Amino acid sequence: MGILAVVNQKGGVGKTTTAVNLTAALAAADRRVLLCDFDPQANATSGLGGRKSGIPSVYEVLTGACDAQTAILHTPYGDLLPSSPALSGAAVELVGVENREFLLRDALNTVKDRYDTILIDCPPSLELLTLNALCAAEEILVPVQCEYYALEGLSDLMATLRAVKARLNPKLSIFGVVLTMYDGRLNLSAQVAEEVRRHFPGKVFAAMIPRNVRLSEAPSHGLPVLAYDKYSRGASAYDALAKEFLKKEAQS
């Protein structure tokens, strides 16, 4: 499959939750998977149990202080290229660096042959870090929450995608759209799901991620939901998403 960026510049859509739990579900299916946490908040790093002080992170990789292989952590739920708050300054520090949009691509290319899938958890914005992720990725995975403003901002994301595709990464395309925070009791959730499918025909996964307390609790324990409560609705949903992901991957 290669490299996928999990991207949506709107915050709170379940992007990191999807990146962490899809990584764990793919690892459980015996896939060689790497999660690159490219968000300075480092929530994916802690969610996969990888937050440790004094270890190299993707920031050190970008700035040339170490190579990607040195920074990768091995966890029971898949490999992790951790983030750190220092990454928030990278956009300013790298402003004069030649080909700065391709720093992450060049770093991941040194390890990509060791993995079936690399997922990049992007920050909730469309600036240099996200641009790096879009230049490194072959395809994108877009989490969309089943709420009133779901499609707000997606037009900006699509415009950015088209610009990156035209100027920097011609192979970039949409792998799929994941509906998150779905509540089957609400007409609104069903309406939003229908509207998203209309906007992205053939791209929306059938597996939908529900609102689930266990999904919210798992990160505070440094665990993906499949390890925290494998019988929860959240765990079942991400297991179903991983199966659908692998089927779609095999067909592409």
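Notes on the structure in this doc start here. (Residues numbered from 1 in each chain as written. Predicted model: local features only at pLDDT ≥ 70, side-chain atom pairs only at ≥ 80, totals over all residues. Heavy atoms only, no water.)

Alignment of strand β2 (residues 33-37) against strand β4 (residues 78-81), held across three bridges, turns out to be parallel. Residue pairing in the sheet places Cys-36 in a bridge with Leu-81 of β4. The pairing of strand β3 (residues 73-75) with β4 spans three bridges and is antiparallel. Paired with Leu-73 across the two strands is Leu-80, which belongs to β4. (Pairing = 2+ DSSP bridges. Helix = DSSP H or I, 4+ residues; strand = E, 2+ residues; numbered from the N terminus.)

Moving on: the pattern of salt bridges. Evaluated as defined, the whole model comprises ten salt bridges. Salt-bridge contacts for Arg-211 lead to Glu-147; the nearest nitrogen and oxygen are separated by 2.1 Å. You can see Arg-211 sitting in the loop between α9 (187-199) and α10 (213-217) and its partner Glu-147 sitting in the loop between β6 (139-145) and α8 (154-167), a full 64 residues away along the chain. Taking the relative accessible area as the measure of exposure, Arg-211 reaches 44% and is therefore partly exposed. Among the salt bridges present, the one from Lys-243 reaches Asp-239, with a minimum N-O distance of 2.6 Å. With Lys-243 and Asp-239 both in helix α12 (residues 233-251) and four residues apart, the pair spans about one turn of that helix. Since its relative accessible area comes to 53%, Lys-243 is described here as exposed. (Salt bridge = Lys/Arg side-chain N within 4 Å of Asp/Glu carboxyl O. Buried < 20%, exposed > 50% of the residue type's maximum accessible area, 1.4 Å probe, protein only.)

A few words on the packing of aromatic side chains. Inspection of every chain in the model, using the stated rule, returns three aromatic pairs. Pairing Phe-175 with Phe-205 gives two aromatic rings, centres 6.1 Å apart and planes at 50°, and the pair type is tilted. Of this pair, Phe-175 sits in strand β7 (residues 173-180) while Phe-205 sits in the loop between α9 and α10; the two residues are 30 residues apart in sequence, bridging distant segments of the chain. One aromatic cluster is present, formed by Phe-175, Phe-205 and Phe-245 through successive ring pairs. The positively charged end of Lys-248 is found above the aromatic ring belonging to Phe-175, 5.5 Å away from the centroid. (Phe/Tyr/Trp six-rings, centres within 6.5 Å; stacked < 30°, edge-to-face > 60°. Lys NZ or Arg CZ within 6 Å of the ring centre and 35° of its normal.)

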